[in-house]
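Given next are the chains, with one letter for each unit.
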Amino acid sequence: MKILVGNWKMNTTPEEGISLLERISNLLTNEVVGDVRVVVAPPSLHLIPSVEKLWENPEIAVAAQNCHHKDSGAFTGEISPEMLLNSEVDAVILGHSERREYFKETDDLVALKVKAALKHHLIPIVCVGEKLEQRKSGTFLNDTWTQLKIALSDLSPEGLADVVVAYEPVWAIGTGEVASPDQAQEMHAFLRGKLKETFGTGELPILYGGSCKPSNADDIFAQLDVDGGLIGGASLNADDFLLLVEKLRKS
Ligand code: PGA
């Protein structure tokens, strides 16, 4: 399955967000999209208007950028997976490196969130990836696998079948420095092999993320084990995002 996710992060006012979504939705014809599953992840405040806007265009799915692992309670500022489900949100990005770094999310917490998302029929888009020091020291393959193994621990085979993985080397996120196609393929193939060995399935979609844009996407999407992209900066420009959808469809 080919998947392209636009992670808007903490960008756009509600008005700007809806007009970006309108532009994407108007340009996204059946021809452009083909077999690509297109997902947008706007800030939480825009989730409900985005879902409503997309009633006319069910080709585009909506994801949250994070959620809590509990259904409800005294957790000021948080959003629960139950609320997302009730708002007809389809998916949720979990364990993004910015959440890990700035909000101190641990592998164990990410695992709780993945389970909670699946319990509420949300597709978890689970982010993993090494820091620059780990790449330099040569431990990056196993370090990234450890993150993923913990995030997916104790899932049922049915749960596992609904998970989407995103490999995002931290050193490539928002830096303009992209992993080379070989580096991406090496990690994706490694993770797929480990998933098969450990959980008995390597069929999960594995997306690449980190400074992916129209000028470098062709070579990355062409890699055997790259099933799509998790796009930050370039997803804020409707034309670039649409070009990425087309490139993925043609890959
Ligand atoms: P970037 O972000 O494309 O701006 O590097 C990717 C991400 O953080 O998901």
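Just so you know, these numbers come straight off a predicted model, no measurement behind them.

**Structural notes on the site of the ligand**
Then step 1. With respect to spatial proximity, 13 residues lie near the ligand, and among them Lys9, His96, Glu168, Gly174 and Ser211 are the closest.
Then step 2. Here an oxygen atom of the ligand and a side-chain polar atom of Glu168 are 2.6 Å apart.
Then step 3. The contact in question runs from an oxygen atom of the ligand to an N or O atom on the backbone of Ser211, over 2.7 Å.
Then step 4. Taking 280 Å² as the accessible area of the ligand by itself, protein coverage stands at 95%.

**Some details on the packing of aromatic side chains**
Then step 1. Under the definition given, this model contains two aromatic pairs.
Then step 2. Here Trp145 and Phe199 contribute two aromatic rings whose centre-to-centre distance is 6.3 Å and whose plane-to-plane angle is 65°, an arrangement assigned as edge-to-face. Taken as a pair, Trp145 in helix α8 (residues 140-151) and Phe199 in helix α10 (residues 181-199) lie far apart in primary sequence, 54 residues in all.
Then step 3. Phe199 sits in the partly exposed class, given a relative accessible area of 25%.
Then step 4. A centroid spacing of 6.3 Å and a plane angle of 65° characterise the contact between Tyr167 and Tyr208, whose relative ring orientation is edge-to-face.

**Here's the deal with the nonpolar core**
Side chains of a nonpolar character, in soluble globular proteins, are inclined to be buried together.
Then step 1. Core analysis: the biggest nonpolar cluster contains 64 residues, and Leu4, Ile24, Val40, Leu148, Leu152, Tyr208 and Phe221 have the highest contact counts within it.
Then step 2. With six residues, helix α12 (residues 238-250) is the single largest residue contributor to this core.
Then step 3. When sequence neighbours within four positions are dropped, the list of residues in contact with Leu152 reads Val114, Val126, Leu160, Val163, Leu195, Phe199 and Leu204.
Then step 4. Residues Ala61, Ala63, Ile125 and Leu207 belong to the second largest nonpolar core, which totals 14 residues.

**Topic: the layout of surface pockets**
Then step 1. What the largest pocket holds in volume is close to 590 Å³.
Then step 2. Lining of the largest pocket is provided by 19 residues; of these, Met10, Gln65, Asn66, Arg99 and Phe103 occupy positions nearest its centre.
Then step 3. Residue contributions to the lining of the largest pocket peak at three residues, all from helix α5 (residues 97-102).
Then step 4. Here the lining of the largest pocket is built from residues that sort into eight nonpolar, seven polar and four charged.
Then step 5. Computed from the structure, the second largest pocket encloses a volume of approximately 280 Å³.

Reading guide: rules and limits
Residues numbered from 1 in each chain as written. Predicted model: local features only at pLDDT ≥ 70, side-chain atom pairs only at ≥ 80, totals over all residues. Heavy atoms only, no water. Near = heavy atom within 4 Å. Polar contact = N/O pair within 3.5 Å; in protein donor to acceptor, adjacent residues only side chain to side chain. Areas by Shrake-Rupley, 256 points an atom, 1.4 Å probe, with all protein chains shown as cover. Phe/Tyr/Trp six-rings, centres within 6.5 Å; stacked < 30°, edge-to-face > 60°. Helix = DSSP H or I, 4+ residues; strand = E, 2+ residues; numbered from the N terminus. Buried < 20%, exposed > 50% of the residue type's maximum accessible area, 1.4 Å probe, protein only. Core = buried A, V, L, I, M, F, W, Y, C linked by side-chain atoms within 4.5 Å. Contact = heavy atoms within 4.5 Å. 1 Å grid on protein atoms, 1.4 Å probe; cavity = no way out; pocket = protein on both sides within 12 Å on 5 of 7 lines; lining within 4 Å. Points joined across faces, edges and corners; volume = space filled by probe spheres on them. Nonpolar A, V, L, I, M, F, W, Y, C, P; charged D, E, K, R; others polar.

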